[in-house]
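Summary of structural features
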Amino acid sequence: MTDVPILLIVWHSRTGGSEALARAAAAGAGAAARLVTAADVTPDALIAAGGYLFVGPENLAALSGAMKEMFDRCYYPCLGRIEGRPYATIICAGSDGANAQRQLDRIATGWRLRRVADPVIVNTAAQTPEAILAPKTIAADRLAEARDLGAALAEGLAAGIF
């Protein structure tokens, strides 16, 4: 058992972009990170965590269905049990990602979570069917940004800042 608060990194990815960003964030967070796919997240995992990093793709100008399904499945069991906890987000988008980000923030508002870092939106500029379906390679500077965010969240949790 550890006294280090858990940073639960919830992710979903179809083409690898969000997964790469989530893994980079987990590397930055080190031992505090618990990297879990959206499909495998349980209400108990959310309740056990000290804070959250939600990483997912924008699909058709919205949060991906798998991320939304995780929130649908866990929302009511966690309601009133995780209020005030810190969260941050990374959206991997083919365009601006703003609507997916807005949708995720509305869900987090319902849980009364507290945003502790500016949203990160990584735009892959994938606009054709071929580009949208192609495996994504995320630029090194954006992976470093995700790694830094994971480190900052873990350090903030450990120091009791959030």
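Right, let's get into the pairing of strand 2 (residues 33-37). By the bridge criterion, five bridges tie strand 1 (residues 7-11) to strand 2 in an arrangement that is parallel. Bridge pairing in strand 2 places V10 opposite V36. Running through helix 1 (residues 17-29), the crossover from strand 1 to the neighbouring parallel element strand 2 is right-handed.

What follows deals with the side chain of K136. By the element assignment, K136 lies in the loop between helix 5 (129-133) and helix 6 (140-159). Comment: no salt bridge for buried K136; closest opposite-charge side chain is E58, at 10 Å. One polar contact links the side chain of K136 to the main-chain carbonyl oxygen of A131, over a distance of 2.9 Å. Here the side chain of K136 touches I132 through a polar contact of 2.7 Å, landing on its backbone oxygen.

Turning our eyes to something else, we now look at unusual backbone geometry. For R112, which is not a glycine, the phi torsion comes out positive at approximately 65°. Relative to the elements of secondary structure, R112 occurs in the loop between helix 4 (98-111) and strand 6 (114-115). The backbone phi angle of A125 is positive, close to 60°, even though this residue is not glycine. When you line up the elements, A125 lands in the loop between strand 7 (120-123) and helix 5.

When the terminal C-alpha atoms of helix 3 (residues 65-78) are compared, their 19 Å separation across 14 residues agrees well with the 20 Å that a helix rising 1.5 Å per residue should span. Just past helix 3, the residue G80 takes up positive phi, approximately 80°.

Position of R85 relative to the elements: it lies in the loop between helix 3 and strand 5 (86-93). Of the buried charged residues, R85 lacks a salt bridge, with E83 as the closest side chain of opposite charge at 9.6 Å. Polar side-chain contacts of R85 include one of 3.3 Å to the backbone oxygen of L46. A polar atom in the side chain of R85 sits 3.4 Å from the backbone oxygen of R81. Those residues in contact with R85, other than ones at most four positions away along the chain, are L46, I47, A48, A49, G50, Y52, R112, L113 and R114.

Analysis parameters
- Residues numbered from 1 in each chain as written.
- Predicted model: local features only at pLDDT ≥ 70, side-chain atom pairs only at ≥ 80, totals over all residues.
- Heavy atoms only, no water.
- Pairing = 2+ DSSP bridges.
- Helix = DSSP H or I, 4+ residues; strand = E, 2+ residues; numbered from the N terminus.
- Right-handed = clockwise from strand over helix to strand, strands pointing away.
- Buried < 20%, exposed > 50% of the residue type's maximum accessible area, 1.4 Å probe, protein only.
- Lys, Arg positive; Asp, Glu negative; His and termini not counted.
- Salt bridge = Lys/Arg side-chain N within 4 Å of Asp/Glu carboxyl O.
- Polar contact = N/O pair within 3.5 Å; in protein donor to acceptor, adjacent residues only side chain to side chain.
- Expected span 1.5 Å × (residues − 1).
- Contact = heavy atoms within 4.5 Å.

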